[in-house]
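# Examining the three-dimensional arrangement
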Amino acid sequence: MNDDKRNIYLIANGDREAFEKLFRKWYPVLESYAGHYLEAEDARDVVQDVFFNLWKNASSMHIRGEVGAYLYSAVRNRCLSVLDRKNLRERYHSSVRQSVLDAVSDSSYSSVRELGTMLSDALDALPEEQRAAFMKSRSDGLKYKDIAKDGGVSVKTIEYRISQALRHLRVALADFFNS
C-alpha cells in the first residue's frame, strides 16, 4: 500500500495528521490544476471542497486506483460543475436583460432612466450597513447567513437591515409607481 492509500485508510479512521499530509502534498498541484478552469478564488474553493468531502466521507469511500487520479478527477468534475452553474446563471441574466430591453419602448426609456436615477439616489441615502447588506443580497446574490458571517453579525441583524432598506426604497420610489 502506497503512502496516499495508507493516508486515506488513516483518514477514514479520523487521523488528522494523515489528512494534513495528504492535503499538503496535493493541495498546491490541485489548486494549480483547477486554476486552468476557474479564477483563483473559485479554484481554491473547489479544491478545499474536494478535501472537505474527502475528510467527511473517507470512511465510506472506496478509491480504486491511484489517490492522485481520484483527486484530479474530483477537482475537474467540480470545476466543470462550477462552470456549468456560471454559464446557466449568465444565460439567465442575459435572457432577463433581453426581456427588459424588449419590453422597454423608446417612449418609456426616459421613465426607466428616471427610475434608475431615483433608485440610485435612494440607495445612496441608505445608512452604510443597510446599503451593504441590501447590495450583497440583491446584487451579489448572497444568502443572509453568508452576509451575516462576512459582517460578523447575526442573521437577524441582516434581516432587519434589509427590511429597513426595503421599507426606505418603497417610500422613496412610491411617487414613481403611483404616477
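Since this is a predicted model, take the numbers as computed values, not measurements. (Residues numbered from 1 in each chain as written. Predicted model: local features only at pLDDT ≥ 70, side-chain atom pairs only at ≥ 80, totals over all residues. Heavy atoms only, no water.)

### What about the packing of helix H2 (residues 16-34) against helix H3 (residues 40-57)?
Helix packing geometry: the angle between the two helix axes and the distance between the axes. This is how it is decided: Geometry is summarised by axes, namely lines fitted to C-alpha atoms with helices restricted to the contacting stretch, and by angles between N-to-C directions that run from 0 to 180 degrees. Where helices and strands are cited, they refer to DSSP runs of H or I of at least four residues and of E of at least two residues respectively, numbered from the N terminus. Between 65 and 115 degrees an angle is taken as roughly perpendicular, under 35 as roughly parallel, over 145 as roughly antiparallel, and anywhere else as oblique. Handedness of a crossing is defined here by the sense of rotation of the near helix relative to the far one, left-handed for an anticlockwise turn of less than a right angle and right-handed for a clockwise turn. Contacts are residue-level and defined by heavy atoms, with any inter-residue pair within 4.5 Å sufficient. Note on residue classes: Ala, Val, Leu, Ile, Met, Phe, Trp, Tyr, Cys and Pro are nonpolar, Asp, Glu, Lys and Arg are charged, and everything else, Gly too, is polar.
As a packed pair, H2 and H3 sit with axes 9 Å apart at the nearest point and diverge in direction by 150 degrees. On the basis of the axis angle, H2 is roughly antiparallel to H3. The two elements H2 and H3 cross, and the hand of that crossing is right-handed. Only Ala43, Arg44, Val47, Gln48, Phe51, Leu54 and Trp55 of H3 make contact with H2, whose side of the interface consists of Arg16, Phe19, Leu22, Phe23, Trp26, Tyr27, Leu30, Glu31 and Ala34. Per-class residue counts for the contact of H2 with H3 are 12 nonpolar, one polar and three charged.

### Overview of the pattern of salt bridges
Test applied: Should a side-chain nitrogen of Lys or Arg be within 4 Å of a carboxyl oxygen of Asp or Glu, the pair is scored as a salt bridge. Here's how the labels work: a residue is buried when its accessible area is under 20% of the maximum for its type, exposed when over 50%, partly exposed in between, all with a 1.4 Å probe on protein chains only.
Taken as a whole and assessed by the stated rule, the structure comprises nine salt bridges. Between aspartate 3 and arginine 6 there is a salt bridge; the shortest N-O distance is 2.7 Å. In this pair, aspartate 3 and arginine 6 both sit in helix H1 (residues 3-12), three residues apart, roughly one turn of the helix. Overall, arginine 6 belongs to the partly exposed group, its relative accessible area being 36%. In this structure, arginine 131 and glutamate 128 form a salt bridge, with 2.5 Å as the shortest nitrogen-oxygen distance. Taken as a pair, arginine 131 and glutamate 128 lie in helix H6 (residues 128-138) at a separation of three residues, close to a single helical turn. Judged by relative accessible area, glutamate 128 falls into the partly exposed class, the value being 46%.

### Points about the packing of aromatic side chains
For clarity, the cut-off: Each Phe, Tyr or Trp ring (for Trp, its six-membered ring) is paired with any other whose centre lies within 6.5 Å, and the angle between the two planes then decides the class: stacked below 30 degrees, edge-to-face above 60, tilted in between.
Counting across every chain of the model gives eight aromatic pairs. Taken together, a centroid distance of 5.3 Å and an interplanar angle of 65 degrees make the contact between phenylalanine 19 and tryptophan 55 edge-to-face. Note that phenylalanine 19 is positioned in helix H2 and tryptophan 55 in helix H3, a separation of 36 residues in sequence. An aromatic cluster is built from Phe19, Phe23, Tyr27, Phe51 and Trp55, whose rings are joined through pairwise contacts.

### Thoughts on the nonpolar core
Quick reminder of the rule: For our purposes a nonpolar core is just a set of buried Ala, Val, Leu, Ile, Met, Phe, Trp, Tyr and Cys residues, chained together by side-chain atoms within 4.5 Å.
The biggest cluster of nonpolar side chains holds 26 residues, and the ones touching the most others in it are Leu22, Leu30, Val47, Phe51, Leu71 and Val75. Elements that contribute at least two residues to this core include exactly H1, H2, H3 and helix H4 (67-103). Listed in part, the 11 residues of the second largest apolar core include Ala133, Phe134, Ile147 and Ile158.

### Digging into the environment of leucine 54
With respect to the element layout, leucine 54 can be found in helix H3. The residues contacting leucine 54, other than those within four sequence positions of it, are Ile8, Ile11, Leu22 and Met61.

### A word on the confidence of the model for the protein
Our working definition: Known as pLDDT, the predictor's per-residue confidence is scaled from 0 to 100.
Per-chain confidence: the protein averages 88 in pLDDT, with 93% of residues scoring 70 or above. The element-level mean pLDDT for the protein is lowest in helix H5 (residues 106-125), coming to 78, with H2 highest at 95.

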